[in-house]
Amino acid sequence: MVLPMPQLPILLHIPDGFLSTWVATVFYLITIACLAVAIRKTSESYQESTAPLMGVLAAFIFAAQMMNFPVAGGTSGHMLGGALAAILVGPWAAMVIMACVVGVQALVFQDGGLAVLGANIFNMGIATALVGFAVYKAVTGFGNGKRPFILVGTFAAAWVSVMVAAFLTSAQLAVSGTSDWGIVLPAMLGVHALIGIGEGVISAGAVAFVLATRPDLLGITPDFGDSTLAGEHVR
Amino acid sequence: MSYFALGERYQHGQGLLYRVDPRVKIVIAVAFAFAITVVHAGHWQAFAGFGAFVALAVGTSRLPLWLVLRRSLIALPFAAAAFPLIFTKPGDTIFTVPLLGWAASHEGLVHVGSIMLKSWLAVLLAVVLTSCTRPLDLIRGLERLRLPRVLAGTIFFMYRYLHVIGEEGHRLMRARDARSASGPDGGKSGGSVLWRARVLGSMVGSLFVRSLERSERIYAAMQSRGYDGTVRFSNERRLARRDWGVLLVAVLALGGLIIYARF
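Bear in mind that the values here come from a model prediction, so they are computed numbers and not experimental data.

Cut-offs used in this document
Residues numbered from 1 in each chain as written. Chains lettered and ligands numbered in written order. Predicted model: local features only at pLDDT ≥ 70, side-chain atom pairs only at ≥ 80, totals over all residues. Heavy atoms only, no water. Helix = DSSP H or I, 4+ residues; strand = E, 2+ residues; numbered from the N terminus. Rg over C-alpha atoms; globule rule 2.2 N^0.38 Å. Buried < 20%, exposed > 50% of the residue type's maximum accessible area, 1.4 Å probe, protein only. Contact = heavy atoms within 4.5 Å. Areas by Shrake-Rupley, 256 points an atom, 1.4 Å probe, with all protein chains shown as cover. 1 Å grid on protein atoms, 1.4 Å probe; cavity = no way out; pocket = protein on both sides within 12 Å on 5 of 7 lines; lining within 4 Å. Points joined across faces, edges and corners; volume = space filled by probe spheres on them. Nonpolar A, V, L, I, M, F, W, Y, C, P; charged D, E, K, R; others polar. Core = buried A, V, L, I, M, F, W, Y, C linked by side-chain atoms within 4.5 Å. Domains from an automatic or database assignment. Buried area = accessible area lost by both parts, 1.4 Å probe. Polar contact = N/O pair within 3.5 Å; in protein donor to acceptor, adjacent residues only side chain to side chain. Salt bridge = Lys/Arg side-chain N within 4 Å of Asp/Glu carboxyl O.

Here we look at the overall build of chain B
Alright, step 1. Per the secondary structure count, chain B includes ten helices and two strands.
Alright, step 2. In chain B, the succession of helices and strands from N to C terminus is α-α-α-α-α-β-β-α-α-α-α-α.
Alright, step 3. Relative to the compact-globule value of 18 Å for 263 residues, chain B shows a C-alpha radius of gyration of 24 Å, a clear excess of over 25%.
Alright, step 4. Looking at the 263 residues of chain B, the share that counts as buried comes to 48%.
Alright, step 5. Long-range contacts, defined as pairs at least 24 residues apart, comprise 72% of the intrachain contacts of chain B with a sequence gap of at least 6.
Alright, step 6. Surface exposure of chain B reaches about 13000 Å², of which carbon and sulfur atoms provide 62%.

Section: empty space enclosed by the protein
Alright, step 1. Under the definition given, this model contains three cavities of 30 Å³ or more.
Alright, step 2. Reported here for the second largest cavity is a volume of approximately 40 Å³.
Alright, step 3. Along its surface, the second largest cavity is lined by Leu-57, Phe-60, Ile-61, Ala-85, Leu-88, Val-89 and Ile-97 of chain A together with Phe-208 of chain B.
Alright, step 4. Class assignment for the residues of the lining of the second largest cavity results in eight nonpolar, no polar and no charged.

Description of the nonpolar core
Alright, step 1. Counting residues in each nonpolar core, the largest one holds 122 residues, and the members touching the most others are Met-158, Val-204 and Phe-208 of chain B.
Alright, step 2. Per element, the largest residue contribution to this core is 13 residues, and it comes from helix α4 (residues 91-107) of chain A.
Alright, step 3. Split by domain, this core shows at least three residues from each of two domains, domain 1 (16-142 + 238-262) and domain 2 (148-223) of chain B.
Alright, step 4. If sequence neighbours within four positions are ignored, Met-158 of chain B has contacts with Gly-55, Ala-58, Ala-59, Phe-62, Cys-100, Val-101 and Val-104 of chain A.
Alright, step 5. Counting 34 residues, the second-largest nonpolar core is a separate cluster that includes Ala-35, Val-123, Leu-125 and Ala-250 of chain B.

Topic: the interface of chain A and chain B
Alright, step 1. Counting from both sides, the interface comprises 80 residues of chain A and, opposite them, 85 residues of chain B.
Alright, step 2. A buried area of about 7500 Å², summed over both sides, lies between chain A and chain B, and 78% of it is on carbon and sulfur atoms.
Alright, step 3. For the interface between chain A and chain B, the tally reads eight residue pairs in polar contact (both at pLDDT 80 or more).
Alright, step 4. Going through the elements one at a time, α1 (21-46), α2 (50-66), β1 (69-70), α3 (82-89), α4, α6 (147-175) and α7 (181-213) of chain A are the ones with two or more residues in the side of chain A that touches chain B.
Alright, step 5. The element that contributes the greatest number of residues to the side of chain A that touches chain B is α2 of chain A, accounting for 15 residues.
Alright, step 6. Classifying every residue of the side of chain A that touches chain B gives 55 nonpolar, 18 polar and seven charged.

Comments concerning the pattern of salt bridges
Alright, step 1. In total, this model carries nine salt bridges over all chains according to the counting rule given.
Alright, step 2. Across the pair Arg-214 of chain A and Asp-216 of chain A runs a salt bridge, and its minimum N-O distance is 3.2 Å.
Alright, step 3. Overall, Arg-214 of chain A belongs to the buried group, its relative accessible area being 3%.
Alright, step 4. Since its relative accessible area comes to 35%, Asp-216 of chain A is described here as partly exposed.
Alright, step 5. Across the salt bridge formed by Arg-214 of chain B and Glu-168 of chain B, the nearest N and O atoms sit 3.1 Å from each other. Linking Arg-214 of chain B in helix α9 (residues 193-223) with Glu-168 of chain B in helix α8 (residues 149-179), this pair joins segments that are 46 residues apart in sequence.
Alright, step 6. Here Glu-168 of chain B falls in the buried class, since its relative accessible area comes to 8%.
Alright, step 7. Each member of the salt-bridge network shares a partner with another, and the members are Arg-214 and Asp-216 of chain A together with Glu-213 of chain B.

Listed below in structure tokens is the structure:
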């Protein structure tokens, strides 16, 4: 199956060779530290259901990134999903999910390098989840969790998360001496300010759908107690 | 590029590298990607050494050369990030772009050329790794490299259901295309760009709900078969003498190349 249109590039999967040894190493260490916390928190919440639940949701993010919408001139846009994942399942679980997505993309599909994997997971998985979740919580908290605020909060969270990822990528490139601050920063932020709108609208659309069909899922950890049989959830 | 055609990166073959333990191959590919970052811009002899290493890997994998070269072009679009350095790095002017007046410096060209070379060589070795190792073996390799069990288990399940969820997403896209989103010749129809993005959002939301409900069914089915939270991977294989040999040669070669590049 070949997707019909070229995707609008989200220039966030850094390939090998573009970051200096130090930047790559430092971000590996930061990412490992963050993931250690995220794995512990996620395992506490989801107990033994962690691997199957997170695994299928990681496959969902992976597939969602492949779904696109026509923009203009034969190009198409798609989403990154870090902020959406954080809104739907919480920031810690989102980090685990995104780390698996970005990691498999690098190792099995060569989307992003191996030495720069720490930086890529941090930019696209950890920073997007943390910042996206913070923005979402701030906006929904301000609006007492009413529907318009949930949707606006989702849009804002998704847009900001893409901008943060673009900023981090630019900063890493500039610090590594691979790019000039003065060129890479305005270029990346400018392009991703537009891409972020797509991310925001897709994320808000997804949350609107979940609100309409399974409102219990938003902000509520799915109950996997012994009394819950999966059949109850099947519609 | 289609992600739904999974497993296609693996190219069946008979080379020596196919029989090497995935753990060893992963460690070598990551070590190589790190090692090549230490080379200074313009140290062409060091790059030639790393190139010889890649050539050795391609040779022992016995993969078709054209396949490896074609797949190595994947990181090319990112070159745009480094490209402006040709003009912004101070140094001796080599040529000036007509009309725009940008001066390309010798130092800038060397720098950008080195970045491209580093990236290309690292990608080439990664291509060899993924072309001669089955995806499932890569994931098992990660697990045996002491990746936290929860993470390894998550990746295992993710890979297992990538096809299923991907197909589901593809069906959603096909249904949408049949109704609205694309006209003949790739033209668009049905509302503004934002409307189309919102429609995709609904599809993503729908896919999320389906995925979550599927994960609940999977978990219940596993519980009823005695799953206790530990994902078990079979065939705990010890490293054979051949694996140690390959690892030793690679570590010595990379260590030597790092020393040569920096001292």
